[in-house]
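Commentary on secondary and tertiary structure
Below, each chain spelled out in residue letters.
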Amino acid sequence: PVNIMFLNKEGAEATLQFFKARTDTLTVESKEYESDRGQPSAGNHQFIKFNVQGKTKFKVNSGFVNESNNETFKQLFLSKRIWWLENDGTLYQRPINIESKSLEYKTRAKDRLINYEVEFSFAFNEINNI
């Protein structure tokens, strides 16, 4: 399970637990320049990367939830501060941002089993450049 904590509309901390499969994605950005340091046959790179940076995103599923949780998901999507709670013996909060831009409210009458898929990204770069 993945525990997500966020600030709700009253400014209080609320949590949601996501259960099903989690998919991680790494997005890398970089720049490169052409070098004149030697020949590729001697093991030198002709094109050299610099300012390499990466960000990790992940998708999680809520599992089957009750229709009354629609308001909680709405507050999650509108929250300015969100954390992923890791519990490896000590409680550790990793700052994340929500990447999903829309929320289609699901109802039991139409959708039967209600499951939300939400995409998050970590609120920091993989290589700390500050």
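Everything discussed here concerns the structure shown above.
The present account deals with the structure reproduced in this document. Numbers given for residues are sequential positions, taken from 1 along each chain in its written order. Per-residue local features of the predicted model are confined to residues with pLDDT of at least 70, and side-chain atom pairs are confined, for both listing and counting, to 80 or more; whole-chain, interface and lining totals are unaffected and use all residues. Calculation of side-chain values draws on the structure's entire complement of heavy atoms; hydrogens and water are dropped beforehand.

1. Concerning the packing of aromatic side chains
In this scheme Phe, Tyr and Trp rings, the latter by its six-membered ring, pair at centre separations within 6.5 Å, and the angle between planes marks the pair as stacked below 30 degrees, edge-to-face above 60, and tilted otherwise. In the structure shown here, the tally under the stated rule is nine aromatic pairs. Ring geometry for Phe18 against Phe73: centres 6.1 Å apart, planes inclined by 85°, an arrangement best described as edge-to-face. Taken together, the positions of Phe18 in strand β2 (residues 13–18) and Phe73 in helix α1 (residues 70–78) put the pair 55 residues apart, joining distant regions of the chain. Burial classification: accessible surface area is computed with a 1.4 Å probe over protein chains only, and a residue below 20% of its type maximum counts as buried, one above 50% as exposed, and the rest as partly exposed. A relative accessible area of 1% places Phe18 in the buried class. A relative accessible area of 1% places Phe73 in the buried class. Numbered from the N terminus, helices here are DSSP runs of H or I no shorter than four residues, and strands are runs of E no shorter than two.

2. Things to note about a nonpolar patch on the surface
A cluster of nonpolar side chains, contributed by Leu26, Val28, Val52 and Ile127, occupies part of the molecular surface with about 340 Å² of accessible area. By secondary structure assignment, the location of Ile127 is in the segment after β7 (117–122). You can call Ile127 partly exposed: its relative accessible area is 46%. Patch definition: residues with relative accessible area over 30% and no salt bridge; like charges joined within 9 Å; nonpolar side chains (Val, Leu, Ile, Met, Phe, Trp, Tyr) joined within 5 Å. Only the protein chains shown count as covering a residue, and every accessible area follows the Shrake-Rupley method with a 1.4 Å probe. By salt bridge we mean one thing: a side-chain nitrogen of Lys or Arg within 4 Å of a carboxyl oxygen of Asp or Glu.

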